[in-house]
Amino acid sequence: MNIFDFFRDRKKGNTASVAKERLQIIVAHERGQRNTPDYLPALQKELVEVIRKYVAIDNDDVHVALENQGSCSILELNITLPDR
Amino acid sequence: MAKIIVVTSGKGGVGKTTTSAAIGTGLALRGHKTVIVDFDVGLRNLDLIMGCERRVVYDFVNVVNEEANLQQALIKDKRLENLYVLAASQTRDKDALTQDGVEKVLTELAKDFDFVICDSPAGIEKGASLAMYFADEAIVVTNPEVSSVRDSDRMLGLLSSKSRRAANNEEPIKEHLLLTRYNPERVSKGEMLGVEDVEEILAIRLLGVIPESTAVLKASNSGVPVILDDQSDAGQAYSDAVDRLLGKEMPHRFLDVKKKGWMERLFGGRE
Ligand SMILES: Nc1ncnc2c1ncn2[C@@H]1O[C@H](COP(=O)(O)OP(=O)(O)OP(=O)(O)O)[C@@H](O)[C@H]1O
Ligand SMILES: [Mg+2]
């Protein structure tokens, strides 16, 4: 490595620290999903079907999430209805 | 009652078989009766790394199917008194191993051995989940590289949820991080994740750091587990890891860039 490479490397930045940052984000995200029960996707699908009997919605318009708070869990449903 | 240890990683080619052979041999060297079991059905390789490939007559699947008994299938190491290998089958039938079959074989091995080392196949399919299911401890082999670290984290999730210990609500599998193919020079240049980075992300106990080493290929070429090359950096690093596995406090070596002597600096040396 010569002196010019040295400065170029400095400017390009340290790729290991980029790797670390990206890993921290993706790993935290995947750990969050890991603890959700297996039945959530099926639950979401059935909910969409029920709601569709009454309102025209897309699959993406229903969000289910389970949040653990101490000894109890909160099932959060978020349904976006189409514009009236 | 044996301690069952799975060597796992998720990602392929990171050094599980190299590690299983080294750690198993290291335990036997220290007087513990040890068997290394190859779970990589269809891609048997442990036999080559251990140098017993020409002595495989019966394998794991034969024992599960009761075509042979354990005594017939266990291959005794030629070098060490306390060391045995149970080879994987080369069958293409992916379902050759069943949970009941594996349980039966491991239970029988556990009666007779101090340590059962399970060399897991890559991936998260059946072979990998069977290899980890009955484990008491896990060695998660990781390379300092993004996809390997992510896959290791995935395996940690499976270890804590998909195992006999989890199913029975017992104490969880004890997890150890083994960082392999570590290149201190590249770490110091900021090209490779450092030990502290990987430790921080995975947050499990560090069992050891094995440097990237030419000794590993030499060892596999000749069918001698690298830990028996006690002059080599990788051999010594594995040896320390075995001591730590047995509860000894050992300082970590080979983490820093080797300082070149003035002769080497002047004339250059082959890497
Ligand atoms: N510390 C090391 N230094 C240099 N090369 C290494 C090191 N560890 C492993 N290797 C090499 O990496 C390759 C893969 O190793 P190994 O077969 O042990 O991985 P594996 O995780 O068992 O692979 P698979 O997922 O296919 O079972 C081999 O060629 C081996 O020689
Ligand atoms: Mg392997």
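With an unreviewed UniProt entry as reference, chain B is termed Septum site-determining protein MinD, source organism Pseudomonas typographi. In its Function (unreviewed entry) section, the UniProt record describing chain B reads: "ATPase required for the correct placement of the division site. Cell division inhibitors MinC and MinD act in concert to form an inhibitor capable of blocking formation of the polar Z ring septums. Rapidly oscillates between the poles of the cell to destabilize FtsZ filaments that have formed before they mature into polar Z rings." Quoted straight from UniProt, the Sequence similarities (unreviewed entry) entry for chain B says "Belongs to the ParA family. MinD subfamily."

As recorded by an unreviewed UniProt entry, chain A carries the name Cell division topological specificity factor and is attributed to Pseudomonas typographi. The annotation that UniProt attaches to chain A under Function (unreviewed entry) is "Prevents the cell division inhibition by proteins MinC and MinD at internal division sites while permitting inhibition at polar sites. This ensures cell division at the proper site by restricting the formation of a division septum at the midpoint of the long axis of the cell." In its Sequence similarities (unreviewed entry) section, UniProt records this for chain A: "Belongs to the MinE family."

A. Spatial organisation of the packing of helix 2 (residues 15–34) of chain A against helix 7 (residues 146–161) of chain B. For the pair helix 2 of chain A and helix 7 of chain B, interaxial distance at closest approach is 10 Å and the crossing angle is 25 degrees. Relative to helix 7 of chain B, the element helix 2 of chain A is oriented roughly parallel. For the crossing formed where helix 2 of chain A meets helix 7 of chain B, the hand is right-handed. Contacts from Ala19(A), Leu23(A), Ile26(A), Val27(A), Glu30(A), Arg31(A) and Arg34(A) in helix 2 of chain A reach Val146(B), Val149(B), Arg150(B), Asp153(B), Arg154(B) and Gly157(B) in helix 7 of chain B.

B. Inspection of the site of ligand 1 at higher detail. All names here are of chain B. Inspection of the region around ligand 1 gives 15 residues, with Gly13, Lys16, Thr17, Thr18 and Ser213 positioned closest. Between an oxygen atom of ligand 1 and a main-chain N or O atom of Thr17, the distance comes to 2.8 Å. Within the contact set of ligand 1, an oxygen atom lies 2.5 Å away from a side-chain nitrogen or oxygen of Thr18. Relative to its free-state accessible area of 640 Å², ligand 1 is covered by the protein chains to the extent of 76%. In terms of residue count, the dominant contributor to the shell around ligand 1 is helix 1 (residues 16–29) (3 residues).

C. Structural view of the packing of aromatic side chains. All names here are of chain B. Taken as a whole and judged by the stated rule, the model has 3 aromatic pairs over all chains. When the centroid spacing of 5.1 Å and the interplanar angle of 90 degrees are considered together, the rings of Phe39 and Phe60 count as edge-to-face. Taken together, the residues Phe39 in the loop between strand 2 (34–38) and helix 2 (46–50) and Phe60 in helix 3 (residues 60–64) connect sequence positions 21 residues apart. With respect to burial, Phe39 and Phe60 carry one shared label: buried. Relative to Phe113, the ring of Tyr84 has its centre 5.5 Å away and its plane inclined at 80 degrees; by these criteria the two rings are edge-to-face. Of this pair, Tyr84 sits in strand 4 (residues 83–86) while Phe113 sits in the loop between helix 5 (99–112) and strand 5 (115–119), placing them 29 residues apart in sequence. Accessibility expressed as a relative area gives 3% for Phe113, which makes it buried.

D. Looking closely at the pairing of strand 8 (residues 205–211) of chain B. Residue and element names in this part refer to chain B. For strand 8, a buried count of 6 out of 7 residues is recorded, marking the element as mostly surrounded by other parts of the structure. As defined by bridge partners, strand 7 (residues 174–182) adjoins strand 8 across 6 bridges and the pair is classed as parallel. Looking at strand 8, one finds that Leu179 is bridged to Val209.

E. Spatial organisation of unusual backbone geometry. Residues and elements named next belong to chain B. Notably, Asn169 is not glycine yet its phi reads approximately 55 degrees, a positive angle. Looking at where Asn169 falls in the secondary structure, it is placed in the loop between helix 8 (164–167) and strand 7. Residue Asn169 is classed as exposed on the basis of its relative accessible area, which comes to 73%. Of note in this structure, Arg181 is not a glycine but carries a positive phi near 60 degrees. Relative to the helices and strands, Arg181 is located in strand 7.

F. Local environment of the interface of chain B and chain A. With 14 residues of chain B at the contact, the number on the chain A side is 12 residues. The contact between chain B and chain A buries some 1300 Å² in all, and 55% of this surface belongs to carbon and sulfur atoms. For the chain B face of the interface with chain A, the top three residues by lost area are Arg150(B), Asp153(B) and Ile201(B), together amounting to 41%. On the surface where chain B and chain A come into contact, there are 4 salt bridges. Glu200(B) is the partner of Lys20(A) in a salt bridge, and the nearest nitrogen-oxygen pair spans 2.9 Å. Applying the counting criterion to the chain B and chain A interface returns 8 residue pairs in polar contact (both at pLDDT 80 or more). Contributing elements (two or more residues each) for the side of chain B that touches chain A: helix 7 and helix 10 (195–202) of chain B. Ranked by the residues each element gives to the side of chain B that touches chain A, the list is headed by helix 7 of chain B, at 6 residues. Tallied by class, residues from the side of chain B that touches chain A come to 6 nonpolar, 2 polar and 6 charged.

G. Molecular detail of the UniProt feature "domain: CobQ/CobB/MinD/ParA nucleotide binding" (unreviewed entry) in chain B. Taking the UniProt record as the reference, the feature "domain: CobQ/CobB/MinD/ParA nucleotide binding" (unreviewed entry) is found at residues 5–226 of chain B. Between the end C-alpha atoms of residues 5–226 of chain B the distance is 19 Å, and the span holds 41% helix and 19% strand.

H. Focus on the nonpolar core. Residue and element names in this part refer to chain B. Within the largest apolar cluster, 52 residues are counted, with the highest numbers of intra-cluster contacts made by Phe39, Phe60, Leu86, Leu109 and Val116. By residue number, the principal contributor to this core is helix 5, which donates 5 residues. With near-sequence residues (within four places) excluded, Phe60 lies in contact with Val37, Asp38, Phe39, Leu86, Ala87, Leu97, Val102 and Val105. Residues Val14, Ala87, Leu178 and Ala237 belong to the second largest nonpolar core, which totals 36 residues.

Rules behind the numbers
- Residues numbered from 1 in each chain as written.
- Chains lettered and ligands numbered in written order.
- Predicted model: local features only at pLDDT ≥ 70, side-chain atom pairs only at ≥ 80, totals over all residues.
- Heavy atoms only, no water.
- UniProt positions renumbered as here; feature names shortened; annotations may be inferred.
- Axes fitted to C-alpha atoms, helices over the stretch in contact; angles between N-to-C directions.
- Helix = DSSP H or I, 4+ residues; strand = E, 2+ residues; numbered from the N terminus.
- Parallel < 35°, antiparallel > 145°, perpendicular 65-115°, else oblique.
- Left-handed = near helix turned anticlockwise from the far one by under 90°.
- Contact = heavy atoms within 4.5 Å.
- Near = heavy atom within 4 Å.
- Polar contact = N/O pair within 3.5 Å; in protein donor to acceptor, adjacent residues only side chain to side chain.
- Areas by Shrake-Rupley, 256 points an atom, 1.4 Å probe, with all protein chains shown as cover.
- Phe/Tyr/Trp six-rings, centres within 6.5 Å; stacked < 30°, edge-to-face > 60°.
- Buried < 20%, exposed > 50% of the residue type's maximum accessible area, 1.4 Å probe, protein only.
- Pairing = 2+ DSSP bridges.
- Buried area = accessible area lost by both parts, 1.4 Å probe.
- Salt bridge = Lys/Arg side-chain N within 4 Å of Asp/Glu carboxyl O.
- Nonpolar A, V, L, I, M, F, W, Y, C, P; charged D, E, K, R; others polar.
- Core = buried A, V, L, I, M, F, W, Y, C linked by side-chain atoms within 4.5 Å.

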